[in-house]
Amino acid sequence: MATFLYKLGRLAFRRRHFVALIWVALLTLAGVGAAGAPPAGNSSFSIPGTEAQKAFDLLEQRFPGQSADGATARVVFKAPAGEKMTDAGNKATVTQTVDELADGSEVASVADPYKGDAVSEDGTIAYASVKYDVSGMELEESTKDALKDAAQQARDAGLTVEVGGDALQAVPETGATEVIGIAVAAVVLVVTFGSLVAAGLPLLTALIGVGIGVSSITALANALELGSTTSILAMMIGLAVGIDYALFIVSRYRAELAEGREREEAAGRAVGTAGSAVVFAGLTVVIALVGLAVVNIPMLTKMGIAAAGTVAVAVLIALTLIPALLGYAGRRVKPAGAKSKLLGRSRKGTEQPEGKAGGQPKANLGTRWASFVVRRPLAVLLLGVIGLGAAAIPASSLELGLPDDGSQPTSTTQRRAYDLLSEGFGPGFNGPLMVVVDAKGSDAPKDAFTDVEQQIKDLDGVVAVAPPAPNKGGDTATITVIPDSKPSSAQTENLVHAIRDAGGDIKADTGAETLVTGSTAMNIDVSEKLNDALVPYLVLVVGLAFLLLIVVFRSILVPLKAALGFLLSVMAALGAVVAVFQWGWLAGLMGVEETGPVMSMMPIFMVGVVFGLAMDYEVFLVTRMREAYVHGERPHQAVVTGFKHGARVVTAAAVIMMAVFAGFIGSSESMVKMIGFGLAIAVFFDAFVVRMAIVPAVLALLGKKAWWLPKWLDRALPNVDVEGEGLRTADERGPGPDEDRELVRA
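Residues numbered from 1 in each chain as written. Predicted model: local features only at pLDDT ≥ 70, side-chain atom pairs only at ≥ 80, totals over all residues. Heavy atoms only, no water.

With respect to the pattern of salt bridges
Move 1: By the definition in use, this model includes 20 salt bridges.
Move 2: For Arg252, the salt bridge is made with Glu256, and the minimal N-O distance between the two is 3.1 Å. Placement of both Arg252 and Glu256 in helix 8 (residues 228-258) is noted, with a separation of four residues, approximately one turn of the helix.
Move 3: Exposure remark for Arg252: the relative accessible area of 8% places this residue in the buried category.
Move 4: Taking relative accessible area as the criterion, Glu256 reaches 5% and is therefore assigned buried.
Move 5: One network of salt bridges, in which partners are shared, links Arg10, Arg14, Glu264, Glu265 and Arg269. (Salt bridge = Lys/Arg side-chain N within 4 Å of Asp/Glu carboxyl O. Helix = DSSP H or I, 4+ residues; strand = E, 2+ residues; numbered from the N terminus. Buried < 20%, exposed > 50% of the residue type's maximum accessible area, 1.4 Å probe, protein only.)

Brief notes about the pairing of strand 8 (residues 433-438)
Move 1: Among the six residues that make up strand 8, five are buried, leaving the element largely enclosed by the rest of the structure.
Move 2: Sheet topology note: the strand 8/strand 11 (residues 476-483) ladder contains six bridges and is antiparallel. Considered in strand 11, the bridge of Val435 is made with Ile479.
Move 3: Looking at chain direction, strand 8 and strand 12 (residues 513-517) are connected through five bridges and run antiparallel. Within strand 12, the position partnered with Asp438 by the bridge is Glu513. (Pairing = 2+ DSSP bridges.)

Considerations on the sheet that holds strand 3 (residues 125-132)
Move 1: With respect to topology, four strands assemble into an open sheet ordered 2-3-1-4, the strand pairing being antiparallel. The sheet is open, and its two edges are formed by strand 2 (107-111) and strand 4 (160-165), each paired on a single side. Across the sheet, the mean angle from the axis of one strand to that of its neighbour is 20°, orientation sign disregarded.
Move 2: Relative to strand 3, strand 1 (residues 72-78) runs antiparallel, the two sharing seven bridges. Considered in strand 3, the bridge of Phe77 is made with Ala126.
Move 3: Along the sheet, helix 4 (residues 88-102) contacts strand 1, strand 2 and strand 3; its crossing angle with strand 2, the most-contacted strand, is approximately 165°.
Move 4: Sheet strands in contact with helix 13 (residues 413-425) are strand 1, strand 3 and strand 4, and its direction is about 105° off that of strand 4. (Axes fitted to C-alpha atoms, helices over the stretch in contact; angles between N-to-C directions. Contact = heavy atoms within 4.5 Å.)

Structural notes on the environment of Gln53
Move 1: By secondary structure assignment, the location of Gln53 is in helix 3 (residues 51-62).
Move 2: Placed 465 residues apart in sequence, Gln53 and Gly518 show a C-alpha to C-alpha distance of 9.1 Å.

Description of the side chain of Ser120
Move 1: With respect to the secondary-structure elements, Ser120 resides in the loop between strand 2 and strand 3.
Move 2: At 2.6 Å, the side chain of Ser120 forms a polar contact with the side chain of Asp122.
Move 3: The residues touching Ser120, leaving out its near neighbours within four places in the chain, are Ile125, Gly424 and Phe425. (Polar contact = N/O pair within 3.5 Å; in protein donor to acceptor, adjacent residues only side chain to side chain.)

See the structure below:
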């Protein structure tokens, strides 16, 4: 591996014009494809194998032409103080609004509030339901404008009017904080390298990689039914890993220059050593993201594969474009420790006064910290584990759900419409349940419909049950059920299960099958499906990565320690997410206007992404330790050496990744906001507590045992040579390379 990458790095350095041309061509091709691609359609949100999806598919078969996946809008009206919606003037305004809405070319139907019992009991609130022929993402702008204009005209007449539903669904915005995150990354890179040119390389290559990845996703969005969140996720992860991977290689290049090597040789060695770590770190991220397919939710699978593709591009750019750009930069990228004109001092640190330590350079912070941990490993280990355990406590109260209009900011019309409907018709009105009765196998379909209606009315937690609405064939009917609790509550979930339990008795008595669907039931089924898939996903992803790390580190205990440390950091991160988004701690600071259940995708998504990112630091940091150990250093000294060369880079990489993820907290989409916060805090816990404290403490306690590997397994495993032993000359290896290898096997 190291030898191949070494040759690749030197080739890219020499043929830099050709390499740069290839990447510019790919970026241009992806950009042209994105510019010419049709707008993204509706991202299909299907959950195979669930009752809600089965009912939805049945509706499409038995009620053809009703656009089951068409957009909907609820235009909610509220009368001025002291008036009612049934007053003649207000009624005339609503009727005029309904007539205007019905004239739309994409409108399938509009329900008049005064003909459909859509006026609240106190008469102050009413709503008109609008059904469209196409999905919310496919609506023409003229149709959305007509909806907004009709609502505004009713407002001008004196009514309070808000619009809910997905007809006004907009592409989520990430806000200015994303730019701030990139700016913070730039500052960290400048401080790390002390050079604008060296700092600019990781930013430039990361932006090129993200540009190719996001443009490709945009070009394929319509054909593959990719949602807008897919490109945001790819951008988030692509920026973070793209900067980090380039940072690792540029840092190693400067270290090789400091040892007196020529620039082409230094580029080759940087790609051969740090590049090997980048390849395996990237592989763990790709495995984690592609592994999301085991959940069997197409939307999540597509998100994972798209993000994995962006990560793969980031790896290839780091291995080829970085050495090419280093060739262009020439002497503007200085060796590590060279005097920085930008910061005005040596990066090696200040010299100690004469007479102290023989005038030797002062040890850097990484060396001093590692030396401290090696001296007191047990205390550091206990403190780190207890701290992460305390942060994980809120995770025991984790409640899962999917965001709805109730989680939108109060500044949006969708949220205000949600609140008005709750005020006028009760909290459950925003999450109606649709019960589908399949009476094709029943001898008396009408009696079966009536029986189902009556049994649902007898259940606790039901406010209203609409009469059965049969199809033309008379063999299937829909029944709308209004719960007395809000859509994301545990009470509504219990009601869904109660209806489904009652359906078993109904089928035994009448032969009719009862299914529950609707957005609320869909959300409940998604949460349960994700919970059921979490353990198999953990086994698959952690298991594959564990095997991969055995090959990388040629050790059993080091990969095991890496996996256990990851579990600590991800549980602590989940605890922080619960504290902010569910309990409301620091909610104002994070821009969280409405607390509630944590997004049901969050646990499994964090497990996948955080595991892949955590292995970045594990591979880069511990690879330097193994490299020192293989080259003859004692275990404790190898830990210190690893920190001497890697701590500064890993710290910079973690701060950059945190800044990039935190930049997405400003998103208008609650799911993106939660993912950004969760990943940022997870990187903090994993990089600064697990990798910087727990990892060296455990390795210090284990000593030589950390690098133990059974001899039969050592012979069976391929030698990937991540530490770059094959690149060392005879003089560099010294007189006893065989003894070093024997030491590793011992």
